[in-house]
Amino acid sequence: MTANEISEIRAAIAGERKDLADIVTGLPEPIWDQPTLCAGWRVREVVAHMTMPFRYSSGRFMLEMVTSRGNFNKMADRLARRDAAALSTGELASSLADNIDHPWKPPGGGFQGALSHDVIHGMDITVGLGLDRRVPESRLRMVLDGLTPRGVKFFGVDLADVRLCADDLDWSYGSGAPLSGAASDLLLVLCGRRLPTGRLRGEPAGRFSVA
């Protein structure tokens, strides 16, 4: 990445975090207990997970990984639930708002991974709650352009016979039976999320929608 590209993606990260901080700061208290697209997590667990890198040092992160026997997913779930219970909604919202310029990068993911992390989990919240919020096209394109087979494989979604076809951007992924929808919704499909009925079109839609 060039210095200019790094500057652009860091500005995108900051913009996404600010937008999401504004959204969660204005949520009524009961909404924090509503489910999201991230299975098993309410809004409070998702925000706790998104802000975990801002609250945990590298040393403490490694200690938590050891406690979870090196299983990142188990550690992430355990900490999200623990911190969601320990921190108030105001503290969780502030943790996001106060760190819009934080330089955290996921191991091996770089700033591209940081933007993807924020965009995807932000949509876990907004789509899950039915909020009318669209990820700005420039940020969404950055995430889509950074997709790799390895990254998709991480989520364990079986797309062997499916071709994702965005109807709002010039973007597609894979081959097989066409599955159409907004590019942001198809990104969620790639990440293993099941979407509300009606957001996807095509023969495979039922496999990736809420029953």
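Engineer: Before we go on, may I ask you to explain the overall build of the chain in this structure?
Structural biologist: Counting its secondary structure elements, the chain contains 9 helices and 3 strands. When the elements of the chain are put in sequence order from the N terminus, they spell out α-α-α-α-α-α-α-α-β-β-β-α. A globule of 211 residues ought to have a C-alpha radius of gyration of about 17 Å, and the chain, at 17 Å, matches this closely. Considering only C-alpha atoms, the chain reaches an extent of 45 × 45 × 35 Å along its principal axes. A total of 211 residues make up the chain; the buried ones form 46% of that total. Look at the contacts in the chain between residues 6 or more apart in sequence, and 60% of them connect residues 24 or more apart. By element, 54% of the accessible surface of the chain is carried by carbon and sulfur atoms, the whole surface being about 10,600 Å². Charge centroids of the chain, computed over 25 positive and 26 negative side chains, lie 6 Å from each other.

Engineer: When you look at the packing of aromatic side chains in this model, what are you seeing that I'm missing?
Structural biologist: Aromatic rings in a pair are described by how distant their centres are and how their planes are angled relative to each other. Applying the stated rule across the entire model yields 2 aromatic pairs. Ring plane angle 20° and centroid distance 6.4 Å describe the contact between Trp171 and Tyr173, whose orientation is recorded as stacked. The positively charged end of Lys105 is found above the aromatic ring belonging to Phe111, 4.9 Å away from the centroid.

Engineer: Please explain the sheet that holds strand β1 (residues 162-166) as it appears in this structure.
Structural biologist: As a general point, the strands of a sheet are linked pairwise by backbone hydrogen bonds and lie either parallel or antiparallel. Read across the open sheet, the 3 strands follow the order β2-β1-β3; overall the sheet is mixed. Each end of this open sheet is capped by a strand with a single partner; those strands are β2 (172-174) and β3 (177-181). Strand-to-strand twist across the sheet, computed as the mean angle between neighbouring axes with direction ignored, equals 20°. Of the pairings in the sheet, the one linking β1 to β3 comprises 5 bridges and is parallel in character.

Engineer: Quick question: what am I supposed to make of the pattern of salt bridges here?
Structural biologist: Pairing between side chains becomes possible if they bear opposite charge and their charged atoms approach one another. Counted according to the given criterion, the structure contains 21 salt bridges. The partner of Arg141 in a salt bridge is Glu137, and the shortest N-O contact between them spans 2.9 Å. Of this pair, Arg141 and Glu137 both sit in helix α7 (residues 137-145), 4 residues apart, which is roughly one turn of that helix. Exposure remark for Arg141: the relative accessible area of 33% places this residue in the partly exposed category. Judged by relative accessible area, Glu137 falls into the partly exposed class, the value being 45%. Linked by salt bridges that have partners in common, Arg55, Arg60, Glu64, Arg78, Arg82 and Asp83 make up one network.

Engineer: Looking at this structure, how should I read the pairing of β1?
Structural biologist: Regular strands show a simple pattern: their side chains alternate between the two faces of the sheet. Counted residue by residue, β1 has 4 buried out of 5 residues, so it is predominantly covered. As paired elements, β1 and β2 share 3 bridges and run antiparallel to each other. Looking at the pairing, Cys165 lines up with Ser172 of β2. Hairpin connection from β1 to β2: 5 residues lie between these consecutive antiparallel strands.

Engineer: Can you walk me through helix α6 (residues 110-129) in this structure?
Structural biologist: Each α-helix winds once per 3.6 residues, and so residues spaced three or four apart point in a common direction. Taking 1.5 Å of rise per residue, 20 residues should cover 28 Å, and α6 covers 29 Å from first to last C-alpha, within 8% of that figure. Burial runs high along α6: 17 of the 20 residues are buried. Looking one or two residues beyond α6, the residue adopting positive phi is Gly130, at roughly 75°.

Engineer: Mind showing me how you'd approach the nonpolar core here?
Structural biologist: A general trend in soluble globular proteins is that nonpolar side chains are found buried together. Among the nonpolar cores identified, the biggest contains 55 residues, and Leu164, Leu179 and Leu187 are the most heavily contacted of them. Mapped onto this core, the elements with two or more residues apiece are α1 (3-25), α2 (43-55), α4 (72-86), α5 (89-97), α6, α7, β1 and α9 (183-190). Residues contacting Leu164, with those up to four places away along its chain left out, are Leu159, Trp171, Ser172, Tyr173, Leu179, Leu186, Val189 and Leu190. Within the second largest apolar cluster, 5 residues are counted, among which are Met52, Met65, Met75 and Leu79.

Cut-offs applied
Residues numbered from 1 in each chain as written. Predicted model: local features only at pLDDT ≥ 70, side-chain atom pairs only at ≥ 80, totals over all residues. Heavy atoms only, no water. Helix = DSSP H or I, 4+ residues; strand = E, 2+ residues; numbered from the N terminus. Rg over C-alpha atoms; globule rule 2.2 N^0.38 Å. Buried < 20%, exposed > 50% of the residue type's maximum accessible area, 1.4 Å probe, protein only. Contact = heavy atoms within 4.5 Å. Areas by Shrake-Rupley, 256 points an atom, 1.4 Å probe, with all protein chains shown as cover. Lys, Arg positive; Asp, Glu negative; His and termini not counted. Charge placed at Lys NZ, Arg CZ, Asp CG, Glu CD. Phe/Tyr/Trp six-rings, centres within 6.5 Å; stacked < 30°, edge-to-face > 60°. Lys NZ or Arg CZ within 6 Å of the ring centre and 35° of its normal. Pairing = 2+ DSSP bridges. Axes fitted to C-alpha atoms, helices over the stretch in contact; angles between N-to-C directions. Salt bridge = Lys/Arg side-chain N within 4 Å of Asp/Glu carboxyl O. Expected span 1.5 Å × (residues − 1). Core = buried A, V, L, I, M, F, W, Y, C linked by side-chain atoms within 4.5 Å.

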